[in-house]
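# Structural characterization, general
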Amino acid sequence: MATSTAGTLRLGTAQGRWVLLATVLGSSMAMLDGTVVNVALPRIGADLGASLASLQWTLNAYLLTLAGLILLGGALGDRYGRRRVFLIGVVWFAAASAACAAAPNIEVLIVARAVQGIGGALLTPGSLAMLQAVFHPDDRSAAVGLWSGLGGVSAAVGPFLGGWLVDGPGWRWIFLLNLPLAAAVVAVTSRYVPESRDESASGRFDVPGALLAALTLGAITYALTAAGEGLSPAVWLTGAIGLLLGAAFVAVERRTPEPMLPLGLFSSRLFTAVNLVTLCVYAAFSGVFFLLVVQLQIVSGFSPLASGFALVPITVLMLTFSARAGRLGKRIGPRIPLTVGPLLCATGVLLMLRIGPGSSYGADVLPAVAVMGSGMTLLVAPLTATVLAAVEVRHAGIASGVNNAAARAAGLLAVAALPALAGLSGDAYRVPSSVDSAFHTAMLICAGLLAAGGLIAFATVRGNVLAPEEHPVAEPNCDWPCATTTPPLDPGHARTHEGPATGTAAGPSES
């Protein structure tokens, strides 16, 4: 059983490596599930007789509960213990994964995916917050860099793994895969990860805020998804209701003594800007990964395994260079990586316009994914470090939750809106000419979102945000795998031009 080592654990110790492994594997469950399902969508649709809207909900039911409840999950961990809530989330996630694998029809699968998202909302914010809480300040940034890089790799490997499983034992195994992974996470976490919590957290939970957040996202997502079948009065009404619920959410969060989303965090210009960048780039990423595998399978004739393998260069690039990208962000500041990274991704997405009937992997697919992977590699680690640099360490849980919620909400809305914007609906995803036309329109939209993210970063993020203070952060004292790790600056020591990163003059309320 792990003993309390809050703020003293070293990354070079055996326990430090086990803690890192537990958090990476735990967060990877949610990240993998967010991408591995994409490759299986055409096969799921054929097997269960699902429409395009049902396939969208197979993704969005998961993203809806994840995005709507992830802030509450971070607050629960801060209050009752991050390890405890993390473990509950892992077990919950595994149980829901088993239900997904056993789903007899598309309706049951969608419900099980929504339940799965609740587990993801409990485990995702805790994985990063545990690193922030238990590691020594000199090693904390290195641990975060590793968590970010390895987590990004797990998300990128999802399409390849999904393709292999769909072509082999079948699509249901993409959910059964979570069961042994969850068992390993529970075993390692229970033995090696010390408990941590925010001792100052008190008061009531913001249940109305959580419900309003979920209802807002649900209404807007439904409206965007249904818009693919036409702009009926029901679509306009549901969209209007979603906007009104969103306004009510903001009003409730302003007046609640212990809000789920402390709006004071956004008084930090840096925190607000980086979350805007997150919204843009993760909306684009979700749109690309949703539609690219459909394009490759339906239009270009790739098998599920081949369409998943097509994305392997992204995995290789992130695995090889994420640590160096983190080091670069620390040395030159995040402004350039957060500007150039999205613009490189946009270039890669524009190259995907060449993918169509009869496309070859080497000439048409590989250059596009290689350029996009280079941009993602440059972007991911500095983005995470910059988000945490905008707040005090004690707010790591809620800051991580806000940024995760922004990324998931962006993906949720992109998957809902892109088919409608591109003119794809009903069973048209089975018609190659319809898919090809919609794919090209959608890629132009995604490239525009990525370019917008890069321009926002260039205009708002200062170059010295992650610069070392008078006493630089020590390199981690370890021999695995820190020799190739890039530690961004300890977020607890970060300062912006606005002064200490407290979110407000008195600091945001802890939820």
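Described below are features of the structure shown in this document. (Residues numbered from 1 in each chain as written. Predicted model: local features only at pLDDT ≥ 70, side-chain atom pairs only at ≥ 80, totals over all residues. Heavy atoms only, no water.)

### Quick look at the side chain of Thr 65
To keep things clear, this is the line we draw: The helix count covers DSSP runs of H or I at least four residues long, the strand count covers runs of E at least two residues long, and both are numbered beginning at the N terminus. Identification of polar contacts relies on pairs of N or O atoms within 3.5 Å, with a donor-acceptor requirement for protein atoms, meaning one able to donate a hydrogen and the other able to accept it, and with residues adjacent in sequence counted only if both atoms are side-chain atoms.
Assignment of secondary structure puts Thr 65 in helix α2 (residues 52-80). At 3.3 Å, the side chain of Thr 65 and the backbone oxygen of Tyr 62 are in polar contact. Polar contacts involving the side chain of Thr 65 include one to the main-chain carbonyl oxygen of Ala 114, which spans 2.7 Å.

### Focus: the packing of α2 against helix α3 (residues 82-101)
As a reminder of what qualifies: Simply put, an axis is a line fit to the C-alpha atoms, just over the touching stretch for a helix, and the angle between two N-to-C directions goes from 0 to 180 degrees. For classification purposes, an angle smaller than 35 degrees is called roughly parallel, one larger than 145 roughly antiparallel, one from 65 to 115 roughly perpendicular, and anything else oblique. In what follows, residue pairs with any heavy atoms lying within 4.5 Å of each other are defined as contacts. Ten residues, namely Ala, Val, Leu, Ile, Met, Phe, Trp, Tyr, Cys and Pro, are considered nonpolar, four, namely Asp, Glu, Lys and Arg, are considered charged, and the remaining ones, Gly among them, are considered polar.
Packing of α2 against α3 leaves a shortest axis separation of 8 Å and a crossing angle of 150°. As judged from the angle between their axes, α2 and α3 are roughly antiparallel. On α3, the residues touching Tyr 62, Gly 73, Leu 76, Gly 77, Asp 78 and Tyr 80 of α2 are Arg 82, Arg 84, Val 85 and Phe 93. For the contact of α2 with α3, the residue count by class is five nonpolar, two polar and three charged.

### Here's the deal with the packing of helix α10 (residues 269-299) against helix α16 (residues 432-460)
Packed helices, taken two at a time, are described by the angle their axes make and the gap between the axes. Applicable threshold: Each helix crossing is assigned a hand: it is left-handed if the near helix lies turned anticlockwise from the far helix by less than a right angle, otherwise right-handed if that turn is clockwise.
Here α10 crosses α16 at 160°, and the two axes come no closer than 8 Å. As the angle between them shows, α10 and α16 are arranged roughly antiparallel. Seen along the crossing, α10 lies across α16 with a hand that is left-handed. For the contact of α10 with α16, the class distribution of residues is 26 nonpolar, five polar and two charged.

### Side note on the nonpolar core
Put simply, the test is: Nonpolar cores were defined as sets of buried Ala, Val, Leu, Ile, Met, Phe, Trp, Tyr and Cys residues, with membership established by side-chain atoms within 4.5 Å. Working definition: with a 1.4 Å probe on protein chains only, accessible area under 20% of the residue-type maximum means buried, over 50% means exposed, and in between means partly exposed.
Membership of the largest hydrophobic core comes to 130 residues, with the highest contact counts inside it found for Leu 109, Phe 285, Leu 292, Met 352, Met 372 and Met 443. Considering every element that reaches this core, the biggest residue donor is α10, with 16 residues. Filtering out sequence-adjacent residues up to four positions away, Met 372 remains in contact with Phe 285, Val 288, Phe 289, Leu 344, Cys 345, Gly 348, Val 349 and Met 352.

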